[in-house]
Amino acid sequence: MNSRSLRRNGLSRAFLALAVFGLASRTLAAYTDDWARMQLVIPRGYVCHRAAGPVRIDGHLDEASWRAAPWTRPFADIEGEAKPAPKFRTRARMLWDDEYFYVAAELEEPHIWATLTNHDAVIFQDPDFEVFIDPDADSHDYYEFEMNALNTGWDLLLKKPYKDGGPALNSWEIAGLKTAVSVNGTLNNPRDRDSGWTVEIAFPWKALAEFAHRASPPNEGDQWRVNFSRVEWPIQIVDGQYRQVPDCREDNWVWSPQGIIDMHRPEKWGYVQFTRQAPGRVKFTADPSARVREVLQGIYYAQKDYQKNNQRWARTLGELGLEGKVGSGLARPPALQPTPDGFEVTAGIKLADSRLELWHIRQDAKVWSEKGSVKIGRR
């Protein structure tokens, strides 16, 4: 496990020290305990409107299109309502056009500092703003981008989440990416009080299309899974310089809470719904597959604990203690099938046109669907 995944999984330095000497271990129900907290979270939604004109990436959100774009709700602690609200406000806006997916954020901050200047450095070691994008919501092949107040960036591709053995491909680059920062105050100057900093990012659809596995730019009404994170480190002023407070963990403030301290749970990211309609004319549409996804995730997390404790995957829902206890109200109850690589769970929902849509999840957290031709009649 590298330093990045340790931070993302919320392991403190003290816990890490114990783990190195074999003195710490997860509880027997660690994964299902995670899921119990995550289930309490309802992902947030946002309607992303098409820009009415050119967007200049300069860190200043003064174009008419930006002024018309709604702000997200203020960011919350990554664990959600279980934790106090962040002490500084963070909020974001989104736009799109034929070339780019635009993201902007406003970060309130009385002491703006940054140190990292090398591209693809581990940016969250500074206070930063982060973007996560999973175009097809399958929890695989998703993008991450981080930047600090010096406009230093880190782009990477995750083939699958860290908990499932997913590598972070640092060599992957977002070709054509545009970024800018505007500082309302003075950077790295402890002698005054700042107001905050603004970031502006243009993600080229051409780059995002590489692993989107769907239309990029999106079609009308398409929803992509997206989340934003802000890392804030406790600081002190020593000899006229900012210094991180030793042995203190960072705060993680996010747009759509995760329920646990781990950004790499794409199943709890927010939904961004794309439209060409003018602001105010389109309402966000709740994901009709949310219920079946939740059922499949619950079984997946139970399997993770079962495998950890028994060195094999359960072959039936009965072995997991879930037979007849999950999936009530679904058009097709969940069924678990062993596979050469692990397992696959399938369940179905009824679409508006009465067709059956089957959803699947497997041992590495990949989620996908298939629309069937079978229509479900009345009984």
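Conventions we followed
- Per-chain numbering applies: the sequence of each chain, read as written, is numbered from 1 onward.
- Reporting of local features is limited, given that this is a predicted model, to residues whose pLDDT is at least 70; pairs of side-chain atoms are given and counted only at 80 or more, and all residues count toward the totals for whole chains, interfaces and linings.
- Only hydrogens and water are removed before side-chain values are computed, so all heavy atoms of the structure are retained for them.
- Helix axes are fitted to C-alpha atoms over the stretch in contact, other axes to C-alpha atoms as well, and angles between N-to-C directions run from 0 to 180 degrees.
- Numbering of helices and strands runs from the N terminus; a helix is a DSSP stretch of H or I covering at least four residues, while a strand is a stretch of E covering at least two.
- Each angle is binned into one of four classes, with values under 35 degrees roughly parallel, values over 145 roughly antiparallel, values of 65 to 115 roughly perpendicular, and all other values oblique.
- Residues are treated as being in contact if the distance between any of their heavy atoms lies within 4.5 Å.
- Ten residues, namely Ala, Val, Leu, Ile, Met, Phe, Trp, Tyr, Cys and Pro, are considered nonpolar, four, namely Asp, Glu, Lys and Arg, are considered charged, and the remaining ones, Gly among them, are considered polar.
- Nonpolar core, defined: a set of buried Ala, Val, Leu, Ile, Met, Phe, Trp, Tyr and Cys residues in which side-chain atoms within 4.5 Å join the residues together.
- Summary of the burial criterion: residues with accessible area below 20% of their type's maximum are buried, those above 50% are exposed, and those between are partly exposed, where the area comes from a 1.4 Å probe applied to protein chains only.
- For the purposes of these results, a polar contact is taken to be a pair of N or O atoms within 3.5 Å, where, inside protein, one atom must be able to donate a hydrogen and its partner to accept one; residues adjacent in sequence count only when each atom of the pair is a side-chain atom.
- In this scheme Phe, Tyr and Trp rings, the latter by its six-membered ring, pair at centre separations within 6.5 Å, and the angle between planes marks the pair as stacked below 30 degrees, edge-to-face above 60, and tilted otherwise.
- Comment: the charge-over-ring label is applied if NZ (Lys) or CZ (Arg) is within 6 Å of the ring centre and within 35 degrees of the ring normal.

Draft legend 1. Spotlight on the packing of helix α3 (residues 30-38) against helix α6 (residues 290-310). The geometry of α3 relative to α6 is characterised by a closest axis approach of 7 Å and an angle of 155 degrees between their N-to-C directions. One element, α3, and the other, α6, form an angle in the roughly antiparallel class. Between α3 and α6, the contacting residues are Ala-30, Tyr-31, Thr-32, Trp-35 and Met-38 on the first element and Glu-294, Gln-297, Gly-298, Tyr-301, Ala-302, Lys-304, Asp-305 and Lys-308 on the second. Here the residues of the contact of α3 with α6 are counted per class, giving 6 nonpolar, 3 polar and 4 charged.

Draft legend 2. Representation of the nonpolar core. Of all hydrophobic cores here, the largest spans 51 residues; its most connected members are Phe-101, Phe-129, Ile-133, Phe-203 and Phe-228. The leading source of residues in this core is strand β4 (residues 100-108), at 7 residues. Filtering out sequence-adjacent residues up to four positions away, Phe-203 remains in contact with Glu-99, Tyr-100, Phe-101, Val-103, Val-131, Ile-133, Phe-145, Ile-174, Leu-177 and Leu-208.

Draft legend 3. The side chain of Asn-189, seen in detail. If you trace the backbone, Asn-189 turns up in the loop between β9 (178-184) and β10 (196-204). Here Thr-186 takes part through its side chain, which lies 3.5 Å from a polar atom of the side chain of Asn-189.

Draft legend 4. Unusual backbone geometry, seen in detail. The residue after Ser-216, namely Pro-217, is reached through a cis peptide bond having omega 10 degrees. Within the secondary structure, Pro-217 is located in the loop between α5 (205-208) and β11 (223-232). Phi is positive for Ala-137, close to 60 degrees, though the residue is something other than glycine. Tracing the sequence through the fold places Ala-137 in the loop between β5 (128-134) and β6 (142-147). Here Asp-141, not a glycine, exhibits a phi torsion of approximately 50 degrees, which is positive. Here Asp-141 shows up in the loop between β5 and β6.

Draft legend 5. Geometry of the environment of Lys-163. Examined against the element boundaries, Lys-163 turns out to sit in the loop between β7 (153-158) and β8 (168-169). For Lys-163, a relative accessible area of 14% gives the class buried. Remark: the alpha-carbon pair of Lys-163 and Lys-283, spanning 120 residues in sequence, is separated by 35 Å. With sequence-adjacent residues up to four places away left out, Lys-163 is seen in contact with Arg-265, Tyr-300, Tyr-301, Lys-304 and Ala-365. Here Tyr-300 takes part through its side chain, which lies 2.6 Å from a polar atom of the side chain of Lys-163.

Draft legend 6. Structural detail: the packing of aromatic side chains. Tallied over the entire structure, the rule returns 21 aromatic pairs. Pairing Phe-88 with Trp-253 gives two aromatic rings, centres 6.2 Å apart and planes at 75 degrees, and the pair type is edge-to-face. Highlighted residues: Phe-88 in the loop between β2 (76-77) and β3 (90-96) and Trp-253 in strand β14 (residues 251-254), separated in sequence by 165 residues. The buried category is assigned to Trp-253, whose relative accessible area is 3%. Ring geometry for Tyr-300 against Tyr-301: centres 4.9 Å apart, planes inclined by 75 degrees, an arrangement best described as edge-to-face. Tyr-301 matches Tyr-300 in its accessibility class, with the two residues each being buried. Sitting above the plane of the Trp-96 ring, Arg-50 keeps its charged end 5.3 Å from the centroid. For Arg-225, the ring lying beneath its charged end belongs to Tyr-271, and the centroid distance is 3.9 Å.

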